[in-house]
Amino acid sequence: IKRQLFNEARTEIELLVAARKAKDYKIPSEVTLWQSQEWFKKAIPSKNNMNCYDKYSDFADAFLFSDVPEEPVIVEFVNSDKKILNFIASEIKYGYFKYARFLKDVRLGDILNVRFKSGVVGGIYQIYTAEKTSDENFKSQFLMEVEGIVKIAEGKSFGFLNNIFIHPSIVNKRKLNNGLQIKGLAIKSYNVDKKLWGWKLI
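Residues numbered from 1 in each chain as written. Predicted model: local features only at pLDDT ≥ 70, side-chain atom pairs only at ≥ 80, totals over all residues. Heavy atoms only, no water.

(A) Representation of the side chain of Ser189 within the structure. Its place among the elements puts Ser189 in strand β9 (residues 181-191). Residue class for Ser189 comes out buried when judged on its relative accessible area of 12%. Dropping the residues within four chain positions of it, Ser189 is found in contact with Glu76, Leu196, Trp197, Gly198, Trp199 and Lys200. (Helix = DSSP H or I, 4+ residues; strand = E, 2+ residues; numbered from the N terminus. Buried < 20%, exposed > 50% of the residue type's maximum accessible area, 1.4 Å probe, protein only. Contact = heavy atoms within 4.5 Å.)

So, in structure tokens, the structure goes:
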């Protein structure tokens, strides 16, 4: 009512009244007063307030899980179709989680503050909250500017810039050729096959 969300307020009041009547409980005088007011009569109720709850769920989660410490992570890969991102918190904590509930738009290289619920290193994690943040010191541990000559072996679809891996998708997107001098940005990445940390061009 104070926020002048009158449609939502009337919906909540009518749900409250219905629940109390079903149990033969007394309707509080304050509620009866609300029902007699002009804003209540003009308001249009809905079947429920789920849209309102969803709108403020992030605020509720942040309050409920405020005792769970936030951890900075960097986004290492994004699957926008499935709404899943790969993250790195450290060399001993990395994996992926679904982000649709917490973030509308996320990009590779973004820094997030995350409250983790559970997870397996290298696998899927469950989280309580996630929001974008700015932490240049943390970011500098995982991103670096690079410059050099592209090396693509004959018949290969991938390449290297010094010891930095260039994925075939980057080769194709940027139309990179062997011997080309370039400047770019690289992100730290874990090579599952070699079980080693390295860098890849993004």
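(B) Expanded view of the packing of aromatic side chains. Counted under the stated rule, the structure contains 15 aromatic pairs. Summarising the aromatic geometry, the rings of Tyr94 and Trp197 are spaced 5.2 Å apart at their centres and angled 85 degrees between planes, so their arrangement reads as edge-to-face. Of this pair, Tyr94 sits in strand β3 (residues 93-98) while Trp197 sits in strand β10 (residues 196-201); the two residues are 103 residues apart in sequence, bridging distant segments of the chain. Judged by its relative accessible area of 16%, Tyr94 is buried. Relative accessible area serves as the criterion here: at 23%, Trp197 is assigned to the partly exposed category. Seen from their ring centres, Phe116 and Tyr125 are 5.4 Å apart, and the 65 degrees between their planes marks the pair as edge-to-face. Residues Phe116 and Tyr125 agree in their burial class; the two are buried. Cluster of aromatic residues (ring-pair linked, three or more members): Phe87, Phe97, Phe116 and Tyr125. (Phe/Tyr/Trp six-rings, centres within 6.5 Å; stacked < 30°, edge-to-face > 60°.)

(C) Geometry of the sheet that holds strand β2 (residues 84-90). The strand order across the open sheet formed by five strands is β3-β2-β1-β4-β5, and the pairing between neighbours is antiparallel. Each of the sheet's edge strands pairs with one partner strand only, and the pair in question is β3 and β5 (125-133). For this sheet, the mean inter-axis angle between neighbouring strands, taken without regard to orientation, is 40 degrees. In this structure, strand β4 (residues 111-119) lies alongside β5, joined through eight bridges in antiparallel fashion. In the strand pairing of β5, Gly119 is matched with Tyr125. (Pairing = 2+ DSSP bridges. Axes fitted to C-alpha atoms, helices over the stretch in contact; angles between N-to-C directions.)

(D) Here's a closer look at unusual backbone geometry. The phi dihedral of Gln4 falls on the positive side, at around 60 degrees, and the residue is not glycine. Considering the arrangement of structural elements, one finds Gln4 in the segment before α1 (6-22). Given a relative accessible area of 57%, Gln4 falls into the exposed group. One non-glycine residue with positive phi stands out, namely Asn162, at about 60 degrees. Examined against the element boundaries, Asn162 turns out to sit in the loop between β7 (159-161) and β8 (164-166). The exposure class assigned to Asn162 is exposed, which follows from its relative accessible area of 56%.

(E) Expanded view of the pairing of β4. As defined by bridge partners, strand β1 (residues 71-79) adjoins β4 across four bridges and the pair is classed as antiparallel. When the sheet's bridge partners are listed, Glu71 is paired in β4 with Val114. If you look at the hairpin formed by β4 and β5, you'll find five residues sitting between the two strands, and Gly122 has a positive phi there, around 85 degrees.

(F) How the structure looks around the pattern of salt bridges. The final tally for this structure, using the stated rule, is eight salt bridges. Measuring nitrogen to oxygen at the nearest pair gives 2.9 Å for the salt bridge that ties Lys200 to Glu76. With Lys200 in strand β10 and Glu76 in strand β1, this pair connects stretches of sequence that are 124 residues apart. As a salt-bridge pair, Asp110 and Lys132 come within 3.6 Å of each other at their nearest N and O atoms. Pair noted here: Asp110 is in the loop between β3 and β4 and Lys132 is in strand β5, with a separation of 22 residues, a long-range link. (Salt bridge = Lys/Arg side-chain N within 4 Å of Asp/Glu carboxyl O.)

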